[in-house]
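Given next are the chains, with one letter for each unit.
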Amino acid sequence: MTSLFDQLEQVSLRTKGSSDLSSLGVMDVLLDEEPAIFTKSKKDFTPLDKVTHVVIANKFMVLAMANNVLFRMNLHSPSERNEISLNKYTQGKLTNLFLDPTGNHLFLTFASKSKSTEMPELMYLSRKSDKIKTSGKFRTNEFTAIGWNNMNESDSTTGPILLGTSKGLIFETEISLEGDKFFAPSLEQYWRQVFDIGKNTNTPVTTLEYFQVPGTNKYMIFAATPSRLYYFYGSAEMEEKPVLQQVFQKYLNVSETDIFLASESRLGYSRLQFWSENLIMPNQFAWVTEKGIYFGQIDDLKDNRIATVKDKVSLLPYPKPLYEDYSQSPKYPIAIALTEFHILLAYTDSIKGMCLLSKEVVYEDQYNEAFGKLVSVIRDSRTGDIWALSENAMFRFKVHREERNIWQIFCVNNQFDLAKKYSRGNEVCYNQVLLKEADMLFEQKEYILSAQRFAEAQSSFEEICLKFLKVDEPDSLKIFLRNKLSALDPKQKTQITMLVVWVVELYLTKLEEIRLQGLEKSASYDEVQKQFETFIALQEVADCIRSNKSTIYELMESHGDKGNLIKLTIVSKDFERLIRHHIFKNNFRDALEVLKSQNNFELYYQFAPVLMQEVPKPLVNTLIDQGKKLGPLRLLPALVSCNGELHYLEVIRYLEFCIVKLKNADKAIHNLLVSFYAKYDSKKLMEYLNSQGQEVSLINYDVYFTLRLCAEQQQNEACVKLYGLLNLWESAVDLALKVNLELAKTMADMSPENDLELKKKLWLKIAQHVVSEKNDIQEAMKYLSDLIKIEDILPFFSDFLTIDHFKDAICNSLREYNQKIQALKEEMEEATNSAEQVRNEIHSFRNCFTYISSADKCEVCNMILMVRPFYFFPCNHMFHSDCLLAELEPCLGMTKRNRLSDLEKQLESLNTQSNSDNNSTGLSGMTRRDQVKAEIDNIIASECLYCGENMIRNVDKPFIEDFEYESITREWQ
């Protein structure tokens with residue numbers, strides 16, 4: 001929310017112009033004209049009487065007027081104002097006002113108007129109250145300074161505060177409120193004298209300030225007198241009251257010269273003010289005495305004694321002219337307002353603004369008699385606002401970018417870090433600082449640092465390069481070029497290429513110079529080499545080299561640097577060129593090492609054929625190490641192109657790895673392995689074929705290709721195996737008989753069991769072979785079985801053989817036939833007897849009857865049986881027809897259940913029709929109703945519910961269904 005004062009400000013806008021301040025290389029920058037650092041505006045406020053005293057804090061103003069009236073106003077909301085008459089509380093003369101940084105607590109000091117009854121007074125006024133309070137303890141001292149608690153935000157208590165007197169005494173106290181009343185009968189919580197800098201002299205304390213170091217229990221205390229600035233630093237615990245007495249305690253026995261900064265002065269006062277960047281801890285201070293302005297920096301962590309503070313203090317003279325004319329005494333400031341780089345000095349008729357760094361006056365303003373004498377200039381420590389009050393008027397100052405030209409001062413003083421800090425927002429100014437620093441370093445022969453600064457600045461590239469070339473500083477030039485390179489945009493391809501090539505040339509030249517001196521193994525060579533490797537490993541450099549390979553390679557070759565040529569290919573990831581280089585030099589193992597060190601698997605497929613010819617075993621080891629990362633199919637050209645025993649052994653090793661370890665199922669891989677087995681290792685061939693099994697759909701090799709290959713290589717045993725896979729059993733047995741009789745027997749056994757004709761044919765082939773080739777009658781007799789009879793193999797024997805050789809076999813055959821005939825006769829007789837027995841049972845069952853008692857009950861519902869239609873079974877189980885249907889229906893299959901439902905609907909329909917319809921008969925002589933009823937009976941009464949097959953089928957059915965389990969369990973409980 002903008003205050004009324006801000007709304008009433010009349011700000012004159014200046015026309016913005018531009019001027020060419022500097023021309024750096026190709027850059028021309030125009031800067032806009034800026035307003036003055038300090039501008040003043042008069043506020044629409046006129047006091048009722050002349051102002052004598054004024055204080056402002058946190059946008060809250062308190063002023064005293066000549067009519068002894070105290071006026072208070074909220075500057076943020078000027079309508080909030082009130083007046084208090086001081087005559088009601090004292091007849092003394094107001095000497096000073098002290099307002100804390102929050103604007104909540106005000107102290108007023110009074111001096112008696114009568115010298116004979118002089119009794120100074122100190123009174124307290126809260127912002128929340130209109131009543132001024134006093135205390136008896138305050139009346140014995142004339143208070144001239146108060147050190148407020150800057151960390152306090154409460155409006156009901158001041159926290160620990162320090163009070164300084166006109167005799168150099170320092171007291172500590174704390175004022176606390178409860179609502180609108182004070183605690184107990186006393187205004188103060190406690191009251192204690194903590195230090196004496198006056199030593200029984202009339203040495204007034206003009207300023208008191210203390211600060212707590214953030215995050216610690218350390219405190220910094222400043223106390224100013226007209227001629228001394230005291231500094232106290234120490235620890236204190238907040239729980240122990242008085243708090244600050246703990247800091248003063250260690251200075252009681254310390255020499256006075258070790259605790260203050262002295263300045264000879266005849267003035268009766270001095271002014272001390274601090275400037276803080278974060279409103280918590282001060283960064284710098286200004287102490288105004290007769291001699292001038294003492295300006296210093298403060299470091300809360302390092303400045304633990306006055307000596308360190310003195311080292312950073314400089315004495316600034318007052319701005320001239322100090323005299324209105326030579327006949328009058330010099331005029332000194334009555335008040336000050338400190339900013340970061342300037343100080344406003346208030347005199348009775350003027351205000352001057354001076355730069356603390358350049359000591360130049362940047363602002364001067366005279367106040368005419370219409371406004372009255374100037375009372376004070378005040379800087380609000382909370383908001384940073386600066387106010388000036390005369391006896392009859394009020395003014396507000398605004399600070400416009402006071403740091404705008406500070407960089408020039410730092411630059412002139414060679415304080416380049418600070419100059420860069422305050423010029424960073426202006427590219428032209430910042431560039432000027434960099435160039436000045438770089439030139440200074442160049443003149444001081446600090447070429448490395450100079451090159452770094454030149455690289456940051458915008459200037460003529462050619463001129464800077466020539467500077468370093470003239471003084472023969474290639475290392476500095478190299479740093480300049482590298483830093484320039486890092487600042488380029490990736491899109492500036494041409495500039496990047498030029499700088500990269502130049503830097504590479506400088507490195508190669510340096511390395512060549514060291515090699516020519518025979519210092520290739522020295523530490524200096526290793527250092528340059530390391531720098532060069534770091535450079536070419538940079539992403540933008542590697543990309544540039546990759547785009548300009550031929551140029552960089554030619555540079556390295558011209559310098560004879562083969563080592564870096566190889567390293568460059570690695571950095572630029574040009575592994576293909578490096579591998580070709582090694583292969584061209586017949587360094588095949590080195591080529592393989594490079595191949596292993598990179599991740600482009602395409603190069604494996606490209607160079608594997610050559611390396612397989614030269615270093616088969618190391619290559620296969622490498623291929624195995626890569627495992628699934630490589631595709632065996634793409635390596636086939638390298639695998640099939642080898643020759644010689646060593647090569648095929650390594651190829652077989654890799655193929656076995658692919659099949660066994662990688663579980664590769666590609667037919668091409670399996671076929672290649674089979675081809676090598678067929679040519680070089682028949683034993684492993686059979687082991688492989690056996691491992692693949694007998695199921696054609698599950699094997700991984702091409703059976704027809706393998707069969708043709710094995711036939712060409714005369715691998716007959718393998719061919720027999722393959723014939724069997726193809727169900728060519730006759731061919732398998734025929735070929736097996738040429739190889740091994742046992743193999744033929746095995747193949748005959750493996751033939752399909754259900755094809756007896758084929759099996760008989762195969763065994764007859766084996767028997768014929770035994771008879772015709774070996775003429776072994778006894779061996780042939782061993783093949784006689786249920787499948788092969790003597791009459792089947794008789795044609796294979798010679799016509800001249802006597803029957804004695806077959807007598808036993810023929811007799812055995814005749815006995816078997818006789819036994820079979822006898823067995824058939826017995827089976828026929830048994831079947832005839834069984835049929836007769838069944839006919840007799842049927843006949844007797846037709847005449848079977850039973851008696852049913854009126855007391856008989858249904859097996860299901862346990863009700864009288866004869867009350868409803870029922871079924872009676874030979875096993876003496878009895879069921880109502882509806883009970884039997886209800887029990888049996890869940891056990892029927894879906895088809896029978898649907899049929900039964902359909903029949904019941906038909907029966908119900910026939911029952912409602914006329915008797916004539918029901919009496920109609922079909923071909924069987926039964927009515928339609930009887931036919932339906934008979935079919936229903938056939939479904940539900942074909943067997944007893946408890947004794948039939950249905951009970952057996954449902955023997956594993958639980959007594960309680962799943963959906964009934966919970967309800968039945970609850971009933972049982």
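In what follows, the accompanying structure is described. The shown structure was predicted, so the numbers you read here are calculated from the model rather than taken from an experiment.

## Remarks on the packing of aromatic side chains
1) Next: Enumeration according to the criterion identifies 43 aromatic pairs in this entry.
2) Next: A centroid spacing of 5.2 Å and a plane angle of 75° characterise the contact between Phe 442 and Tyr 447, whose relative ring orientation is edge-to-face. Across the pair, Tyr 447 and Phe 442 agree in class, each one buried.
3) Next: Across the ring face of Phe 260, the terminal group of Arg 228 is positioned such that the distance to the ring centre comes to 4.0 Å.
4) Next: Directly above the ring of Phe 442 sits Lys 467, whose terminal nitrogen or CZ lies 4.9 Å from the centroid.

## Things to note about the pairing of strand 20 (residues 228-235)
1) Next: Counting buried residues along strand 20, 6 of its 8 residues qualify, which places the element largely inside the surrounding structure.
2) Next: Hairpin connection between strand 19 (residues 218-224) and strand 20: a loop of 3 residues separates the two successive antiparallel strands.
3) Next: In terms of strand pairing, strand 20 meets strand 21 (residues 260-262) through 3 bridges, oriented antiparallel. Bridged to Leu 229 within strand 21 is Leu 261.

## So, the pattern of salt bridges
Two side chains bearing opposite charge may form a pair once their charged atoms approach each other closely.
1) Next: For the structure shown, the criterion picks out 25 salt bridges.
2) Next: Lys 331 serves as the salt-bridge partner of Asp 349, at 2.9 Å between the closest nitrogen and oxygen. Placement of the pair is Asp 349 in the loop between strand 27 (342-346) and strand 28 (350-355) and Lys 331 in the loop between strand 25 (313-316) and strand 26 (335-338), with a sequence separation of 18 residues.
3) Next: The class for Asp 349 is partly exposed, based on a relative accessible area of 21%.
4) Next: Note that Asp 385 and Arg 396 form a salt bridge whose closest N and O atoms lie 3.4 Å from each other. Of this pair, Asp 385 sits in the loop between strand 30 (374-379) and strand 31 (386-390) while Arg 396 sits in strand 32 (residues 394-399); the two residues are 11 residues apart in sequence, bridging distant segments of the chain.
5) Next: Residue classification places Arg 396 among the buried positions, given a relative accessible area of 9%.
6) Next: By sharing partners, the salt bridges in this structure join Asp 417, Lys 420, Glu 437, Arg 453 and Glu 456 into a single network.

## Some words on unusual backbone geometry
Negative phi characterises most residues that are not glycine, and trans characterises most peptide bonds.
1) Next: The linkage connecting Lys 241 with the following residue, Pro 242, adopts the cis geometry, with an omega of -5°.
2) Next: Position of Pro 242 among the secondary structure elements: in the loop between strand 20 and helix 2 (245-249).
3) Next: One non-glycine residue, Asn 862, lies in positive phi territory at about 60°.
4) Next: Locating Asn 862 in the fold gives a position in the loop between helix 30 (807-846) and strand 33 (870-872).
5) Next: Non-glycine residue Asn 876 carries a positive phi angle of around 75°.

## Comments concerning a negative patch on the surface
1) Next: Residues Glu 826, Glu 827, Glu 829 and Glu 830 make up a contiguous surface patch of negative charge.
2) Next: Inspection of the secondary structure puts Glu 829 in helix 30.
3) Next: Given the relative accessible area of 53%, Glu 829 is considered exposed.

## Here we look at the nonpolar core
1) Next: In this structure, Leu 611, Leu 639 and Tyr 701 are the most contacted members of the largest nonpolar core, which totals 74 residues.
2) Next: When residues in this core are grouped by element, the largest group, 8 residues, is from helix 20 (residues 645-660).
3) Next: In this structure Leu 639 touches Met 612, Val 651, Tyr 654, Leu 655, Leu 672 and Phe 676, once residues within four positions along its chain are discounted.

## Some points on the sheet that holds strand 14 (residues 169-175)
1) Next: With antiparallel pairing, 4 strands are arranged side by side in an open sheet as 12-13-14-17. Either end of the sheet is taken by a strand with one partner, and the two such strands are strand 12 (143-147) and strand 17 (188-196). Within this sheet the neighbouring strands show an average axis-to-axis angle of 25°, counted without direction.
2) Next: Here strand 12 runs beside strand 13 (residues 161-165); their pairing, made up of 4 bridges, is antiparallel.

Cut-offs applied
- Residues numbered from 1 in each chain as written.
- Predicted model: local features only at pLDDT ≥ 70, side-chain atom pairs only at ≥ 80, totals over all residues.
- Heavy atoms only, no water.
- Phe/Tyr/Trp six-rings, centres within 6.5 Å; stacked < 30°, edge-to-face > 60°.
- Buried < 20%, exposed > 50% of the residue type's maximum accessible area, 1.4 Å probe, protein only.
- Lys NZ or Arg CZ within 6 Å of the ring centre and 35° of its normal.
- Helix = DSSP H or I, 4+ residues; strand = E, 2+ residues; numbered from the N terminus.
- Pairing = 2+ DSSP bridges.
- Salt bridge = Lys/Arg side-chain N within 4 Å of Asp/Glu carboxyl O.
- Patch = residues over 30% accessible without salt bridge, like charges linked within 9 Å, V, L, I, M, F, W, Y side chains within 5 Å.
- Areas by Shrake-Rupley, 256 points an atom, 1.4 Å probe, with all protein chains shown as cover.
- Lys, Arg positive; Asp, Glu negative; His and termini not counted.
- Charge placed at Lys NZ, Arg CZ, Asp CG, Glu CD.
- Core = buried A, V, L, I, M, F, W, Y, C linked by side-chain atoms within 4.5 Å.
- Contact = heavy atoms within 4.5 Å.
- Axes fitted to C-alpha atoms, helices over the stretch in contact; angles between N-to-C directions.

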